[in-house]
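# Coordinate analysis (summary)
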Amino acid sequence: MRGAGAPGGRGQHSSGMMGSLGRPQVILLTYMLVALELTCLFMRISIMPYLTRQLGLDSVAFGYLQTAFGVLQLLGGPVFGRFADQHGARAAFTLSFLASSAFYLLLAAACSPALPGAPLLYALPLPAALMHGLPAAQMVIADLSAPEERPAALGRLGLCFGVGMISGSLLGGTLSAACGLQCPASVALVANLLAAVLSFTCIPISTKGVSARAPAAPPGRPEAGVFDLKAISRLLLRPGVLPVFLVKVVSGFPSGLFMVMFSIISMDFFQLDAAEAGYLVSFFGVLQMVIQGLVIGRLSSRFSEGALLRTSVLVFVVVGLAMALMSNVFHFCLLMPGLVFSLCALNVVTDSMLTKAVPASDTGTMLGLCASVQPLTRTLGPTVGGLLYRSFGVPIFGHVQFATNVLVLLVLWRQPLPQKTDKVW
């Protein structure tokens, strides 16, 4: 890695790249924008079930709506990441917040009694393909953080997640109770428009150095575009990328199934009312804020990423066994810290390893691929999780998590993952 004063190095180029804001200020603004986006997300989550019920939609229609949202985000993630690599952080952030503004405009309109709410509600997923503020933030943080600081810097996004989960849930419930369902949607619309203005005026055009520019296309061959799926999928074939990506998908999928079905499990299995379920979600948010924002960063400074990845899979195994044996909500509260630790460590460590395994010019595309993992779970989860829950009950989620992660752990133990550091591209 070049020194800060080396020609073309990170330090020399950053002054021209950052404009009026220094690197710490840009990273802090990025965290603030993510917290704002997640606050709006949880405001939306808090009112969507009531809005669908108000418009006369049943649970099946609500499931179709969630699936459509997940599919569009799944397809849009890699394309958005490539757009961020080619057009820079400012364009990516601004595009994401403008798409979110369109989403919340439709949501506010659907809440209006004077407008056809149901058709507007079905139009909601359309902007979802471009709503990827979190991958854009991860790209900025990965580009502006030194390799050894990257896991801790990415882990601090957990603080933003916790702030968004707690404040968004509280605001959504309070505003909708006081002023109606349209109020949270309108507040989210204004917040995203403000975020789009801040992104366009304060985020640098690009957070990548001169050496990180994408290589030019060979003579006679057209330059790869944003929608070039071959260029996107080619990243998975780079050394050290596909094994880590498969671990990210396979290891976290069983717990993702459980979280997708959590609202039904909390009502049917745990026998919780809406207020008690809200307290449990808030507890989950606080745990994620503490573990991902504080614990993962400290552990990453003492242990290698490979060791943390194996540890997260091992804890998944233990939590899966405990989940198969739990019988009440108290048991779930006892195993929740382990579940949150595994999820946070898996996501932070794999994101860090994958961005180090690709050229700096492709970090956005790689993070876009990573961002597609959650929509994949949200797309397949309602169907697969519903069938498993109906046929075998809650313990099946623990059995699947235990068996899957035992296999992943054996593979990791027999074939150690490469320990990579950033290269100068």
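Scroll up to find the structure.
What you see as residue numbers is a count from 1 along each chain, following the sequence as written. Totals for whole chains, interfaces and linings use all residues, but because this is a predicted model, local features are given only for residues with pLDDT of at least 70 and pairs of side-chain atoms are given and counted only at 80 or more. Side-chain numbers here rest on the full set of heavy atoms in the structure, without hydrogens or water.

## Considering the pattern of salt bridges
- Salt bridge, as applied in this entry: a Lys or Arg side-chain nitrogen positioned within 4 Å of an Asp or Glu carboxyl oxygen. Across all of its chains, the model carries two salt bridges by this definition.
- Measuring nitrogen to oxygen at the nearest pair gives 2.9 Å for the salt bridge that ties Lys-248 to Asp-351. Of this pair, Lys-248 sits in helix 10 (residues 242-260) while Asp-351 sits in helix 14 (residues 329-356), and the two are 103 residues apart along the sequence. Here Lys-248 matches Asp-351 in class, with each residue buried.
- The partner of Lys-356 in a salt bridge is Glu-305, and the shortest N-O contact between them spans 3.1 Å. Of the two residues, Lys-356 is situated in helix 14 and Glu-305 in helix 13 (residues 305-325); the sequence distance between them amounts to 51 residues. Judged on exposure class, the residue Lys-356 and its partner Glu-305 are both buried. For the purposes of this entry, the term helix denotes a DSSP run of H or I that reaches at least four residues, the term strand denotes a run of E that reaches at least two, and both are numbered from the N terminus. Three labels apply to residues, based on accessible area from a 1.4 Å probe with only protein chains included: buried if under 20% of the type maximum, exposed if over 50%, partly exposed otherwise in between.

## Some points on the nonpolar core
- Here, the term nonpolar core denotes a set of buried Ala, Val, Leu, Ile, Met, Phe, Trp, Tyr and Cys residues that are joined through side-chain atoms within 4.5 Å. Within the largest apolar cluster, 84 residues are counted, with the highest numbers of intra-cluster contacts made by Phe-258, Phe-332, Met-366 and Phe-397.
- Among the elements that make up this core, the one with the highest residue count is helix 14 (14 residues).
- Non-local contacts of Phe-332, meaning those with residues more than four positions away in its chain, are made with Phe-258, Phe-262, Phe-270, Leu-280, Met-326 and Leu-339.
- By size, the runner-up hydrophobic cluster in this structure holds 26 residues, among which are Leu-51, Ala-99, Leu-107 and Ala-109. Working rule for contacts: check all heavy atoms of both residues, and any pair within 4.5 Å makes them a contact.

## A look at helix 14
- In this analysis, the expected span of each helix is defined as 1.5 Å times one less than the number of residues it contains. Taking 1.5 Å as the rise per residue, helix 14 with 28 residues should run 40 Å; its terminal C-alpha atoms sit 40 Å apart, in good agreement.
- Fitting axes to the seven residues that end at a residue and to the seven that start at it, the angle between those axes gives the bend at that residue. If you look at helix 14, its biggest bend is around 40°, right at Leu-335, and the proline Pro-337 turns up within four residues after that.
- Of all the 28 residues making up helix 14, 21 are buried; the element is thus mostly covered by neighbouring parts of the structure.
- Here a polar contact means two N or O atoms within 3.5 Å. Within protein one must be a hydrogen donor candidate and the other an acceptor candidate, and residues neighboring in sequence count only if both atoms are side-chain atoms. In this structure Asn-328 caps helix 14, since a side-chain oxygen of it lies 3.1 Å from the backbone nitrogen of Phe-330.

## Thoughts on the side chain of Arg-44
- The residue Arg-44 is located in helix 2 (residues 23-54) in this model.
- One buried charge, Arg-44, has no salt-bridge partner; the nearest side chain with opposite charge is Glu-37, at 8.2 Å.
- Apart from residues no more than four positions distant in its own chain, Arg-44 is found in contact with Phe-69, Phe-103, Tyr-104 and Leu-107. Charge assignment: positive for Lys and Arg, negative for Asp and Glu; neither His nor the chain ends contribute.

## A short note on the packing of aromatic side chains
- Note on aromatic contacts: the rings of Phe and Tyr and the six-membered ring of Trp form a pair at centre separations within 6.5 Å, being stacked when their planes are under 30 degrees apart, edge-to-face when over 60 apart, and tilted otherwise. Under the definition given, this model contains eleven aromatic pairs.
- Each ring, one from Phe-93 and one from Phe-97, has its centre 6.0 Å from the other, and the planes form 10°; the classification is stacked. In this pair, Phe-93 and Phe-97 both sit in helix 3 (residues 59-110), four residues apart, roughly one turn of the helix. Each member of the pair, Phe-93 as well as Phe-97, carries the same accessibility label: buried.
- When the ring of Phe-258 is compared with that of Phe-332, the centres are 5.5 Å apart and the planes differ by 45°; the resulting orientation is tilted. Here Phe-258 is found in helix 10, whereas its partner Phe-332 is found in helix 14, with 74 residues between them in sequence. As far as the burial class goes, Phe-258 and Phe-332 line up, both buried.

## Side note on the packing of helix 13 against helix 17 (residues 395-414)
- As a packed pair, helix 13 and helix 17 sit with axes 7 Å apart at the nearest point and diverge in direction by 155°. The angle between the axes of helix 13 and helix 17 places the two elements in the roughly antiparallel class. In this structure, the crossing between helix 13 and helix 17 has a hand that is left-handed. Judged by residue contacts, Leu-309, Arg-310, Val-313, Leu-314, Phe-316, Val-317, Val-319, Gly-320, Leu-321, Met-323 and Ala-324 of helix 13 engage Pro-395, Phe-397, Gly-398, His-399, Gln-401, Phe-402, Asn-405, Val-406, Val-408, Leu-409, Leu-412 and Trp-413 from helix 17.
- Throughout this entry, Asp, Glu, Lys and Arg are counted as charged residues, while Ala, Val, Leu, Ile, Met, Phe, Trp, Tyr, Cys and Pro are counted as nonpolar. The remaining residues, Gly among them, count as polar. Grouping the amino acids of the contact of helix 13 with helix 17 by side-chain chemistry returns 17 nonpolar, five polar and one charged. Helix axes are fitted only over the stretch in contact, all axes being lines through C-alpha atoms; the angle between N-to-C directions runs from 0 to 180 degrees. For classification purposes, an angle smaller than 35 degrees is called roughly parallel, one larger than 145 roughly antiparallel, one from 65 to 115 roughly perpendicular, and anything else oblique. For any pair of crossing helices, the crossing counts as left-handed if the nearer helix is rotated counterclockwise from the farther one by less than a right angle, and right-handed if it is rotated clockwise.

## What about the packing of helix 5 (residues 133-144) against helix 15 (residues 363-371)?
- It is the contact of helix 5 with helix 15, at a shortest axis distance of 9 Å, that shows an interaxial angle of 140°. One way to sum up the angle between helix 5 and helix 15 is to call them oblique. Of the two possible hands of crossing, helix 5 and helix 15 adopt the one that is right-handed. Across from Pro-135, Gln-138, Met-139 and Asp-143 in helix 5, the residues of helix 15 making contact are Thr-363, Gly-364, Leu-367 and Ala-371.
- Looking at the contact of helix 5 with helix 15 residue by residue, the classes come out as four nonpolar, three polar and one charged.

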